[in-house]
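Structure at a glance
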Amino acid sequence: MVKVITYGTFDLLHKGHIRLLERAKILGDYLIVGVTSDDFDKARGKLNVQQNLMERIEAVRATGIADEIVVEEYEGQKIEDIQKYGVDIFTVGSDWCGKFDYLKDYCQVIYLPRTEGISSSALRTEKYQLQLGLVGESIILEKFLNECKYVNSVKLTAVCSAYPAELPECLQELPCVTSDYDVFLNHVEAVYIMSTPKLHYAQVKKALLSGKHVLCETPEALTRLQCEELHCIAKKNALILAEGNKTAYATAYIRLILMLKAGKIGDVISVDATSTSLSEKYFVKNIDDFNRWNSIEAWGAKSLLPVFHILGSDYSSKQIISHITSDESMFDSFTIINFVYPHAVATVKVGKGIKSENELIIVGTKGYIYVPAPWWKTDYFEIRYENRNENKRYFYQLDGEGIRYEVIAFVNAIKNKNKMALTDESISQAIAEVMEDYYSGKDMVRI
Ligand code: C2G
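Treat the numbers as computed from the prediction; the structure is a model and nothing was measured.

**Comments concerning the side chain of Glu382**
- Tracing the backbone shows Glu382 in strand E18 (residues 380-385).
- In this structure the side chain of Glu382 is engaged in a polar contact, spanning 2.9 Å, whose partner is the side chain of Arg384.
- With residues near it in sequence (within four places) discarded, Glu382 still touches Tyr368, Ile369, Tyr370, Lys392 and Arg393.

**Describing the packing of aromatic side chains**
- Scanning the entire structure with this criterion turns up 14 aromatic pairs.
- The interplanar angle of 75° and the centroid separation of 5.6 Å between the aromatic rings of Phe308 and Phe339 together place this pair among those described as edge-to-face. A residue pair is termed long-range when its members are at least 10 positions apart, and Phe308 in helix H12 (residues 295-311) and Phe339 in strand E14 (residues 331-340) qualify at 31 residues.
- Residue class for Phe339 comes out buried when judged on its relative accessible area of 1%.
- Taken together, the ring pairs in this structure connect Tyr7, Phe90, Trp96, Phe100 and Tyr102 into an aromatic cluster.
- Taking NZ or CZ as reference, Lys78 lies 4.9 Å from the ring centre of Tyr7, over its face.
- Geometry around Phe290 places Lys198 over its ring, the cationic atom sitting 5.5 Å from the centre.

**A short note on the sheet that holds strand E4 (residues 89-93)**
- Strand order in the open sheet formed by 5 strands is E3-E2-E1-E4-E5, and the pairing between neighbours is parallel. Among the strands making up the open sheet, the edge pair consists of strand E3 (68-72) and strand E5 (108-112). Adjacent strand axes in the sheet meet at a mean angle of 25° when their direction is disregarded.
- As paired strands, strand E1 (residues 3-8) and strand E2 (residues 30-36) are joined by 6 bridges and run parallel to one another. Directly across from Tyr7, in E2, lies its bridge partner Gly34.

**So, the site of the ligand**
- Near the ligand you find 21 residues, and of these Lys46, Glu72, Asp95, Trp96 and Ile118 are the closest.
- Within the contact set of the ligand, an oxygen atom lies 3.3 Å away from a side-chain nitrogen or oxygen of His17.
- Computed on the free molecule, the ligand has an accessible area of 620 Å², of which 95% lies beneath the protein chains in the complex.
- At the level of elements, E1, helix H1 (15-25) and E4 are the ones that each hand at least two residues to the shell around the ligand.
- The element that contributes the greatest number of residues to the shell around the ligand is H1, accounting for 3 residues.
- Considering only residue class, the shell around the ligand consists of 7 nonpolar, 8 polar and 6 charged.

**A closer look at the packing of H12 against helix H14 (residues 425-440)**
- Two elements in contact, H12 and H14, have axes separated by 10 Å at closest approach and are oriented at 135°. Judged on the interaxial angle alone, H14 and H12 are oblique. H14 is crossed by H12, and the crossing has right-handed handedness. Residues Ile296, Glu297, Gly300, Ala301, Leu304, Leu305, Phe308 and His309 of H12 lie in contact with H14, whose contacting residues are Ile427, Ala430, Ile431, Val434, Met435, Tyr438 and Tyr439.
- Per-class residue counts for the contact of H12 with H14 are 12 nonpolar, 2 polar and 1 charged.

**Section: the sheet that holds strand E15 (residues 345-351)**
- In spatial order, the strands read E19-E18-E17-E16-E12-E15-E14-E13-E20; together these 9 strands make up an open sheet with mixed pairing. For this open sheet the edge positions go to strand E19 (392-395) and strand E20 (444-446), each flanked by a neighbour on one side alone. Averaged over all pairs of adjacent strands, the angle between their axes in this sheet comes to 10°, without regard to strand direction.
- By the bridge criterion, 4 bridges tie strand E16 (residues 360-364) to strand E17 (residues 367-371) in an arrangement that is antiparallel. Within E17, the residue paired with Ile361 across the bridge is Tyr370.

Rules used in this analysis
Residues numbered from 1 in each chain as written. Predicted model: local features only at pLDDT ≥ 70, side-chain atom pairs only at ≥ 80, totals over all residues. Heavy atoms only, no water. Helix = DSSP H or I, 4+ residues; strand = E, 2+ residues; numbered from the N terminus. Polar contact = N/O pair within 3.5 Å; in protein donor to acceptor, adjacent residues only side chain to side chain. Contact = heavy atoms within 4.5 Å. Phe/Tyr/Trp six-rings, centres within 6.5 Å; stacked < 30°, edge-to-face > 60°. Buried < 20%, exposed > 50% of the residue type's maximum accessible area, 1.4 Å probe, protein only. Lys NZ or Arg CZ within 6 Å of the ring centre and 35° of its normal. Pairing = 2+ DSSP bridges. Axes fitted to C-alpha atoms, helices over the stretch in contact; angles between N-to-C directions. Near = heavy atom within 4 Å. Areas by Shrake-Rupley, 256 points an atom, 1.4 Å probe, with all protein chains shown as cover. Nonpolar A, V, L, I, M, F, W, Y, C, P; charged D, E, K, R; others polar. Parallel < 35°, antiparallel > 145°, perpendicular 65-115°, else oblique. Left-handed = near helix turned anticlockwise from the far one by under 90°.

Written out as structure tokens, the structure is:
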């Protein structure tokens, strides 16, 4: 019996895939089809895949051409599969010509002519392109724009800023550049907001009431009530409102949370996140005090994510300790927040006027997790135990600091009319409440 193997993503299965499978099948007697896992595709830069692994496997199965379907999960698996299944022929489309010649040491390699005029990417682009607009004074918007280039279901159409003339050139080249939010909203279907948090509530509300989906950089609002109201409006109008925090989309961060849930370090006793920076390089040059983010807004909201993700938002008490340098703008050069839970504690240490080791440490009854600086760009972490021989290190590729994964999740949530899997309304509300207490002075000590 001649065994043939072929691999692919098979996203939005089309004629090109089916012709490839048919020709692969008649090369032998038994066809094995390797379908790439979601993580493997992500790791090899295929970020725009629309269907998940189960949907793609089902589509291949439904053709009735494959005798066996396996999942391709990692680089180098092909050699192992060929040996394991006793494969005689490896085949793939001619777009890969020469790339798999190294497999000739293990079996015959045949490149079949690719079917011209059809591709998953073309189908994806044809299908949907969300018109997205950007709001804010931060030059991080340039990073965001560059990351959107990896998401082919998004088209940037507008930018709104208090300082439009000071934005980087690439942003000024968008079809609509304005400081008028109403004009801006007419050019978009969805918005990404990273203006000063003092404006978030009003901007998110207006966008939602104009029928636009919203991805708003954390913190979404500065009071719990406002946050609840925004989510209510979104639900009533069947719109997506998601809190932007790229860390939540880093594969390593997601794995870390799953490992905690699986009890890898026992019961979690404390979460300590430190986020500091002395630089103001992220804003346009002449930013004024109103538009500048203070420490608790810029770093606090981001750092509260792992605390609430891991320990939940039902803490028993907290204390916010801040050093405020301007009463007028409520600028804090640093803030430390201590939380007490029934069986755990947490500390968030943030500042734009201090420098510390930006690490995340999660302490458990069996061991601890250490995420080195800068922890929010999570691509690596260690699980450490009393017996050092049991320590484990984990690395997961992080492209574009997680921004492109976040944008893809946002677009998919809009398309599939579901919530963004990784942001949680109750966490957004808990973050907004901490901001509220900072501004009202509740649970707060000034030093
Ligand atoms: N294909 C084709 N004609 C097209 C499109 C795709 O013949 N118009 C072939 C590809 O050459 C490949 C298979 O169909 O052999 C699956 O294509 P994709 O889903 O795009 O998967 P790909 O990224 O090519 O993965 O380990 C993965 C494999 O190396 C190939």
